[in-house]
Amino acid sequence: MSEELRQIVEQIVVDYFGTFPVEVSNRHIHLSPEHLETLFGKGYQLNAVRQLSQPGEFAAQETLTLLTPHGVIPNLRVLGPIRSKTQLEMAASDARKLKINPPLGTSRSEENLKVILVGPLGVVELSEGVIISQRHLHATPEEASRLGVKDGQLVEVEIGGERPGILGKVPVRVSPDYKLALHIDIDEGNALGVKEGFRAKIYKRS
């Protein structure tokens, strides 16, 4: 199916059934140019291995080791493209393993938490930008209009399946650069038994 046809089908599904894709994200990190060079070497560029659903984003071949005084998480996936500031996103279960207490927030959240990133050529002590991933709904302005929601609005979202549930306080994030999808972390995905192809719908608007 071509991308153009896929978008037409997606629009029809949203218009008639009001549903949208559910995507589960594992722990990952976005690197700044400075930290990329410290960890991988001067002039280094990420190697994309898989395109992600949001336009322009990709999973890179590169991974890091994440350290705190109380725990280690290997194979931390780097996502591209490079951002102005490094940001580490993890699930609550990861934070418990590392015995740290990051805030729950969106990509704009920051908190003073010290963790160590170990790459093949260097080490970075990360003192900000460590967060627990927050569930959120991506949408373009047109998609948001069809769903009857606005940027920054909090909604409740219903996910079906064998272990159905309703997720509250889901912020809507609207931008022409986005693509319609509900993003939840791996803890939430496992709790709800989410599988590939799962869809959700707005249960209640604030």
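Residues numbered from 1 in each chain as written. Predicted model: local features only at pLDDT ≥ 70, side-chain atom pairs only at ≥ 80, totals over all residues. Heavy atoms only, no water.

**As for the sheet that holds strand β14 (residues 181-185)**
Thinking step 1. Here 6 strands make up a closed barrel; going around it, the order is β1-β14-β11-β13-β12-β15 and the pairing mixed. Pairs of neighbouring strands in the sheet enclose a mean axial angle of 45°, with direction left out of account.
Thinking step 2. Two elements, strand β11 (residues 136-139) and strand β13 (residues 165-174), share 3 bridges in a ladder whose sense is parallel. For Ala-139, the partnering residue across the bridge sits in β13 and is Val-174. (Pairing = 2+ DSSP bridges. Helix = DSSP H or I, 4+ residues; strand = E, 2+ residues; numbered from the N terminus. Axes fitted to C-alpha atoms, helices over the stretch in contact; angles between N-to-C directions.)

**Some words on unusual backbone geometry**
Thinking step 1. The amide bond that connects Gly-80 to the next residue, Pro-81, takes the cis arrangement and shows omega of 5°.
Thinking step 2. A positive phi angle, near 50°, is found at Lys-169, a position not held by glycine.

**Re the nonpolar core**
Thinking step 1. Core analysis: the largest hydrophobic core is formed by 25 residues, its most contacted members being Leu-64, Leu-66, Leu-88, Met-90 and Leu-117.
Thinking step 2. Mapped onto this core, the elements with two or more residues apiece are α2 (33-40), β4 (58-68), β5 (71-80), β6 (87-90), α3 (92-98), β8 (115-118), β9 (123-126) and β10 (130-133).
Thinking step 3. In terms of residue count, β4 provides more of this core than any other element does, 4 residues in total.
Thinking step 4. With near-sequence residues (within four places) excluded, Leu-117 lies in contact with Ile-29, Leu-39, Leu-64, Thr-65, Leu-66, Leu-76, Gly-122, Val-123, Val-124 and Leu-126.
Thinking step 5. Core analysis: the next-biggest nonpolar cluster, separate from the first, contains 21 residues, Ala-144, Val-149, Leu-167 and Leu-180 among them. (Core = buried A, V, L, I, M, F, W, Y, C linked by side-chain atoms within 4.5 Å. Buried < 20%, exposed > 50% of the residue type's maximum accessible area, 1.4 Å probe, protein only. Contact = heavy atoms within 4.5 Å.)

**Considering the pattern of salt bridges**
Thinking step 1. Inspection of every chain in the model, using the stated rule, returns 4 salt bridges.
Thinking step 2. Between Glu-57 and Arg-83 there is a salt bridge, with its nearest N and O atoms 3.8 Å apart. Here Glu-57, found in the loop between β3 (48-51) and β4, pairs with Arg-83, found in the loop between β5 and β6; they are 26 residues apart in sequence, far enough to count as distant.
Thinking step 3. Glu-57 gets classed as partly exposed once you look at its relative accessible area, which sits at 24%.
Thinking step 4. Between Arg-135 and Glu-188 there is a salt bridge whose closest N-O contact spans 2.7 Å. Of this pair, Arg-135 sits in the loop between β10 and β11 while Glu-188 sits in helix α5 (residues 186-192), placing them 53 residues apart in sequence.
Thinking step 5. Here Arg-135 falls in the partly exposed class, since its relative accessible area comes to 21%.
Thinking step 6. The exposure class assigned to Glu-188 is buried, which follows from its relative accessible area of 17%. (Salt bridge = Lys/Arg side-chain N within 4 Å of Asp/Glu carboxyl O.)

**A short note on the packing of aromatic side chains**
Thinking step 1. Applying the stated criterion to the full structure yields 1 aromatic pair.
Thinking step 2. Seen from their ring centres, Phe-40 and Tyr-44 are 5.1 Å apart, and the 20° between their planes marks the pair as stacked. (Phe/Tyr/Trp six-rings, centres within 6.5 Å; stacked < 30°, edge-to-face > 60°.)

**Here's the deal with the environment of Asp-187**
Thinking step 1. Residue position: Asp-187 is located in helix α5.
Thinking step 2. When neighbours within four sequence positions are excluded, Asp-187 is seen to be in contact with Ala-91, Ala-92 and Ser-93.
Thinking step 3. Within the local environment of Asp-187, its side chain forms a polar contact with the side chain of Ser-93, the two groups lying 2.8 Å apart. (Polar contact = N/O pair within 3.5 Å; in protein donor to acceptor, adjacent residues only side chain to side chain.)

**Concerning the environment of Arg-205**
Thinking step 1. With respect to the element layout, Arg-205 can be found in strand β15 (residues 199-205).
Thinking step 2. Take Arg-205: its relative accessible area is 41%, and that puts it in the partly exposed class.
Thinking step 3. Taking C-alpha positions, Arg-205 is 9.9 Å from Gly-168, a pair spaced 37 residues apart along the chain.
Thinking step 4. Dropping the residues within four chain positions of it, Arg-205 is found in contact with Leu-147, Gly-148, Val-149, Gln-153, Leu-154 and Val-155.
Thinking step 5. Of note is the side chain of Arg-205, whose polar atom sits 2.5 Å from the backbone oxygen of Leu-147.
Thinking step 6. In this structure the side chain of Arg-205 is engaged in a polar contact, spanning 3.4 Å, whose partner is the backbone oxygen of Gly-148.

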